[in-house]
Amino acid sequence: MAVSVPFQFLFLLLLLARAVLASSEYLIGVGSYDITGPAADVNMMGYANSDQTASGIHFRLRARAFIVAESPQGKRVAFVNLDACMASQIVTIKVLERLKARYGDLYTEKNVAISGIHTHAGPGGYLQYVTYIVTSLGFVRQSFDVLVDGIEQTIIQAHQSLRPGSVYINKGDLLDAGVNRSPSSYLNNPEAERSRYKYNVDKEMTLLKFVDSQLGPVGSFNWFATHGTSMSRTNSLISGDNKGAAARFMEDWFENGQKVSSQIPRRVSTIVSDLSTNHSRLLDIAASYKSSKGQSLDSKVRVRKTTKHTLVSAFCQSNCGDVSPNTLGAFCIDTGLPCDFNHSTCNGKNELCYGRGPGYPDEFESTRIIGEKQFKMAVGLFNKATEKLQGKVGYQHAYVDFSNLEVTVPKAGGGTETVKTCPAAMGFGFAAGTTDGPGAFDFKQGDDKGNAFWRLVRNVLRTPGPEQVQCQKPKPILLDTGEMKTPYDWAPSILPVQMLRIGQLVILSVPGEFTTMAGRRLRDAVKSHLISLDSKEFGNNLHVVIAGLTNTYSQYITTYEEYEVQRYEGASTLYGPHTLAAYIQEFKKLATALVNGQTLPSGPQPPDLLDKQISLLAPVVVDSTPLGVSFGDVKADVPPKSTFRRGQQVNATFWSGCPRNDLMTEGSFAVVETLRGGGKWVPVYDDDDFSVKFKWSRQVKISPESQATVEWRIPESAVAGVYRLRHYGASKSLFGSITSFSGSSSAFVVV
């Protein structure tokens, strides 16, 4: 039966909707999706250590996104933060192709930014240039696919959740989460410039709070500069490092009632009721549940819990180029003495000099501490955010060939001169590594000479010409990557520069790692330029942040003075001493176009090298178990009738298959279950929890037999009761079919 609705009521609804939208200022949406790559056999991206291959999960990796739009048909920007080392040009290209197929021209390279947090504990092989996939034995399709899929899914979520809302901004200083790892380079900057700043690293965190007009807070994204190197170059567990940890802590904090605890937050909101205070009764119950025989599953099981309203919290990267989270300083591992100040060596050897995190010697504890510091700072800013972003949404983007770009710079005696950038090249100091992850052989930071032996080795690959040598001075060229094209490009030449605007906030998307002072110069130049162009539109309340490692990756950007010192960061500044000046020049062009409402030429397109990729990583051939053993069977069980207290560790090992058979996207390899009424087992912790680790191994490298260990450090927040450990996995037959399975340990008691 048709029901008539009074016209006056419809009119009131329309007015109310308009009022909500007007008061909210924007349409906002957020999204989050699992991007955990292969947890076995694949080299980690970041340290370029060929021995560092994945063999389990510390906690899972995610892509998190926000979208802000002026109106349903108005301008919009989308920002994606990845728990990955950096963005990748080929990943960005393929994500944009999918978005175009789905949404037309709504999301393009102009208004979509994809940024990495710079964890050094994620699977590699997803970049398209040779330099960045050598240690991963070339391109790794699984690493690539899970990123493209996850980024697309998180943008879809953000798009579908667009609703009227407001965005608030707040800032504050976090003093003890980063130190300068190249202070001698920083000191080469002009004293007058250094005197303007209290610290030799940026301490400011800038946070956005996204508030849905009806649901309340739905998102929190912040930018703060510190490296993702709390986890060391020998770690083999996939991890989001300190920023990934901070994101999980903040999402847990929101889900668990916004209470800041001194303990590690939990990942799962469901808590077991106290079955009994009688310990012996709990032991009797636990004793009745023995380890299960491994079971084949008809379909993939996903145990991740979700709720209707959760907070999406991202801890984004900024100008972290010379900022280390290893805040205790760098020391020689043989003597315990501080490393050499200028070269970070120990008796002339760089490989003995290591930075120490606040939890030294426990890298997991260092990760927790630095993550918790960022989390607590973000909570304070989140709770006190009152300045609302208001005004236009805008964006500018251009592709620029940095291999031969004319740049106008000031002359020492006054006036200007025109200089050029260079084809990409890396110096000898690059091979020395950093105090977060030193290199090998006899390389050292601060080397502006090189040596004859390594020049001979270099010349086997390519001898740089005199013009390139002159252009890159004082960098002694170790690898002339910009001019190496076999089997395809070793380094990028065409880079994206991008500017996003949300009211009085401007985000500078940069495809590399700016050092502290380089970032300060870029921010200051853009801010003053915008204000000079339109002081009414951009006043003193203008906020400018740098989003590092965004859209693609091109290593480091130092100041001209830091480049002269040729420590690791200067040796890794690919395009020569005028690289920073080139960025400032190009971002000023973006700023001018943003103010004037112009559309800049798109510039030369970066190459799509996907079809040229080479992969030498062997596939999974087959998984097997000993005779009479099934996948999922327990190999080493929890001790019978065992009781554990909070803070203790419990683990069980299962016969397993290679994790590359199924990445368990939005699922788990490792689960902690608790016993509920009626004999029902309920998952309460999983491998996206800071307290649970999933460890995988083969007894022999080429063996088809493998084991998986579920390890649970019982948090203080755990409720007394009966628990067990469960492993989910997948095995591959000789004929290529994949079969899912699971197994569980014997039950135990937590008191």
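Preceding block: the structure.
These remarks concern the structure in this document. Just so it is clear, the structure is predicted and the values come from calculations on it, not from any experiment.

1. Looking at the packing of helix α6 (residues 241-255) against helix α8 (residues 363-383)
Okay, step 1: It is the contact of α6 with α8, at a shortest axis distance of 7 Å, that shows an interaxial angle of 50°. As summarised for this structure, α6 and α8 are arranged oblique, according to the angle between their axes. The two elements α6 and α8 meet at a crossing, and its hand is right-handed. Every residue of α8 that contacts α6 at D241, N242, K243, A245, A246, F249, M250 and W253 is listed here: T367, R368, I370, G371, E372, Q374, F375, A378, V379, F382 and N383.
Okay, step 2: When its residues are assigned to classes, the contact of α6 with α8 shows 10 nonpolar, five polar and four charged.

2. Here we look at the sheet that holds strand β26 (residues 543-547)
Neighbouring strands of a sheet are bound in pairs by backbone hydrogen bonds; such pairs are parallel or else antiparallel.
Okay, step 1: Taken together, four strands build an open sheet; the order of strands is β18-β23-β24-β26 and the sheet is mixed. If you trace the sheet from one side to the other, it starts and ends with β18 (393-401) and β26, each paired once. Mean inter-strand twist for the sheet, computed between neighbouring axes without regard to direction, equals 15°.
Okay, step 2: Across the sheet, helix α11 (residues 516-533) is in contact with β23 (494-502), β24 (505-509) and β26; its angle to β26 comes to roughly 140°.
Okay, step 3: Against the sheet, helix α14 (residues 579-596) touches β18, β23 and β24, its axis set at about 40° to β23.

3. Some points on α11
Okay, step 1: Helix length check: α11, at 18 residues, gives a terminal C-alpha distance of 26 Å against a target of 26 Å (1.5 Å per residue), a fit within 8%.
Okay, step 2: Taken together, the buried positions of α11 are occupied by T516, M517, A518, G519, R520, L522, R523, A525, V526, H529 and L530.

4. Description of unusual backbone geometry
Okay, step 1: Cis rather than trans, the peptide bond between Y360 and P361 has omega equal to 5°.
Okay, step 2: Take P361: it is sitting in the loop between β16 (353-356) and α8.
Okay, step 3: Positive phi outside glycine occurs at L549, with the angle close to 55°.
Okay, step 4: When you line up the elements, L549 lands in the loop between β26 and β27 (556-557).
Okay, step 5: In the Ramachandran plot, N551 falls in the positive-phi region, its phi being about 75° despite a non-glycine side chain.
Okay, step 6: In this structure, N551 sits in the loop between β26 and β27.

5. Looking at the environment of N451
Okay, step 1: You can see N451 is positioned in the loop between β21 (426-427) and α9 (452-461).
Okay, step 2: Counting along the chain gives 25 residues from N451 to P476, while the straight-line C-alpha distance between them is 9.0 Å.
Okay, step 3: When residues no more than four places from it in sequence are discounted, the contact partners of N451 are F428 and D442.
Okay, step 4: Of the polar contacts made by the side chain of N451, one reaches the backbone nitrogen of F453; its length is 3.1 Å.

6. A look at the state of the cysteines
Think of a disulfide as a covalent bridge from one cysteine sulfur atom to another cysteine sulfur atom.
Okay, step 1: Tallying each qualifying case throughout the model produces three disulfides.
Okay, step 2: The side chain of C332 participates in a disulfide bridge whose partner is C346; the two sulfur atoms lie 2.1 Å from each other. Looking along the S-S bond of the C332-C346 disulfide, the torsion reads about -100°, which is the left-handed sense. Within this pair, whereas C332 is found in strand β15 (residues 329-332), its partner C346 is found in the loop between β15 and β16, the two being separated by 14 residues in sequence.
Okay, step 3: Judged by its relative accessible area of 5%, C332 is buried.
Okay, step 4: Look at C346 and you get buried, because its relative accessible area is 2%.
Okay, step 5: Across the disulfide from C422 sits C471; the S-S distance is 2.0 Å.

7. Describing the pattern of salt bridges
Okay, step 1: Counted under the stated rule, the structure contains 39 salt bridges.
Okay, step 2: Note that R102 is salt-bridged to E152, the shortest N-O span being 3.4 Å. With R102 in helix α2 (residues 89-103) and E152 in helix α3 (residues 141-160), this residue pair connects regions lying 50 residues apart in the sequence.
Okay, step 3: Given the relative accessible area of 46%, R102 is considered partly exposed.
Okay, step 4: Assessed through its relative accessible area of 9%, E152 is described here as buried.
Okay, step 5: The partner of E561 in a salt bridge is R521, with the nearest N and O atoms 3.0 Å apart.

About the thresholds
Residues numbered from 1 in each chain as written. Predicted model: local features only at pLDDT ≥ 70, side-chain atom pairs only at ≥ 80, totals over all residues. Heavy atoms only, no water. Axes fitted to C-alpha atoms, helices over the stretch in contact; angles between N-to-C directions. Helix = DSSP H or I, 4+ residues; strand = E, 2+ residues; numbered from the N terminus. Parallel < 35°, antiparallel > 145°, perpendicular 65-115°, else oblique. Left-handed = near helix turned anticlockwise from the far one by under 90°. Contact = heavy atoms within 4.5 Å. Nonpolar A, V, L, I, M, F, W, Y, C, P; charged D, E, K, R; others polar. Pairing = 2+ DSSP bridges. Expected span 1.5 Å × (residues − 1). Buried < 20%, exposed > 50% of the residue type's maximum accessible area, 1.4 Å probe, protein only. Polar contact = N/O pair within 3.5 Å; in protein donor to acceptor, adjacent residues only side chain to side chain. Disulfide = S-S within 2.5 Å. Salt bridge = Lys/Arg side-chain N within 4 Å of Asp/Glu carboxyl O.

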